[in-house]
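# Secondary and tertiary structure notes
Here is how the chains run, residue by residue.
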Amino acid sequence: MVRIRVLVVDDHRIFAESLAAALAAEPDVDVSAAGSGPAALRSMDRAAAEGRRYDVLLVDADLGCHLPGMRPAVPVQDGDEDGLVDGISLVAGVRSAQPAVRIVVLAEKDDPRRAALALQAGASGWVAKDCSLSRLLSVIRGVLREETHLPPALLTGVLRELTAARRHRTESERLVESLTPREREVLRCMVAGLGRKAVAERLFLSPHTVRTHMQNVLGKLGVHSTLAAVALARRAGVGPADLGSAGRPLAGDVVERGGQLA
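Residues numbered from 1 in each chain as written. Predicted model: local features only at pLDDT ≥ 70, side-chain atom pairs only at ≥ 80, totals over all residues. Heavy atoms only, no water.

## A few points about the overall build of the protein
Check the secondary structure of the protein and you find ten helices and seven strands. Counting the 262 residues in the protein, one finds 45% classified as buried. Partitioning the contacts of the protein with sequence separation of at least 6, the portion at a separation of at least 24 is 68%. For the protein, the accessible area works out to roughly 13500 Å², and carbon and sulfur atoms hold 53% of it. (Helix = DSSP H or I, 4+ residues; strand = E, 2+ residues; numbered from the N terminus. Buried < 20%, exposed > 50% of the residue type's maximum accessible area, 1.4 Å probe, protein only. Contact = heavy atoms within 4.5 Å. Areas by Shrake-Rupley, 256 points an atom, 1.4 Å probe, with all protein chains shown as cover.)

Below is the structure:
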């Protein structure tokens, strides 16, 4: 019998343990539980090192969101021992690190926008937490057959969100393509969080020249702040400049004050 290895990731311990116990009663399912994003990543690393990779993750859509100071959609690497990694960010991190793992998001309420974000991050399904065990098992087995599962009531809304996101991305890509190679290089530095002085040091330009490039970038992208330019760049798929082994901005890393270039 081929066994399915499942990891339940939910910071509500009673729910996680109850669901894990119910799934463990199935003869072809091995299941574990993790109470936070970082704990899930550690569990996955251990399983991979032992040659027992998980097949499916069941991830709480609201993972960590009840904790003080929670910032939605933070990068997985910013998570800490308190579990400050939300569900959709965890989906993206896991899919990047272990693309073979299938992920199903468990949600307390239908939300077309967040469901679309989950699919874009790499999830294979969005399932209500109050669904039946037989329904959840059907989804688990279905995603392993490369199926995508959504509640019928969400389908129209999710398709609308995905279409809008694709349209925004296409427009953003067109605007980025209007930039000169140097302006794109400056934009990548902006995406990396570098301010004018740091960009000048990095690109061996004068701060005045960098300021001019930044102003040209904002004008061509049709935005009025660095934060808006970075958001548009990310929609267009523009990644940050490589900051080297240190992994942090250089001196002078203030990007914006009050909506103005630093």
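Continuing now.
## A look at the pattern of salt bridges
A complete count under the given rule lists eleven salt bridges for this structure. Here Asp62 makes a salt bridge to Arg114, at a shortest N to O gap of 2.9 Å. On the criterion of sequence distance, the pair formed by Asp62 in the loop between strand 3 (56-60) and helix 3 (87-97) and Arg114 in helix 4 (residues 112-121) is long-range, its members being 52 residues apart. The exposure class assigned to Asp62 is partly exposed, which follows from its relative accessible area of 29%. For Glu185, the salt bridge identified is with Arg182, shortest N-O distance 3.0 Å. Within this pair, Glu185 and its partner Arg182 are both found in helix 7 (residues 181-191), separated by three residues, close to a single helical turn. The exposure class assigned to Glu185 is partly exposed, which follows from its relative accessible area of 34%. For Arg182, a relative accessible area of 30% puts it in the partly exposed group. Taken together, the salt bridges that share partners define one network made up of Asp10, Asp60 and Lys129. (Salt bridge = Lys/Arg side-chain N within 4 Å of Asp/Glu carboxyl O.)

Without other data, these values stay purely geometric and don't point to any function.
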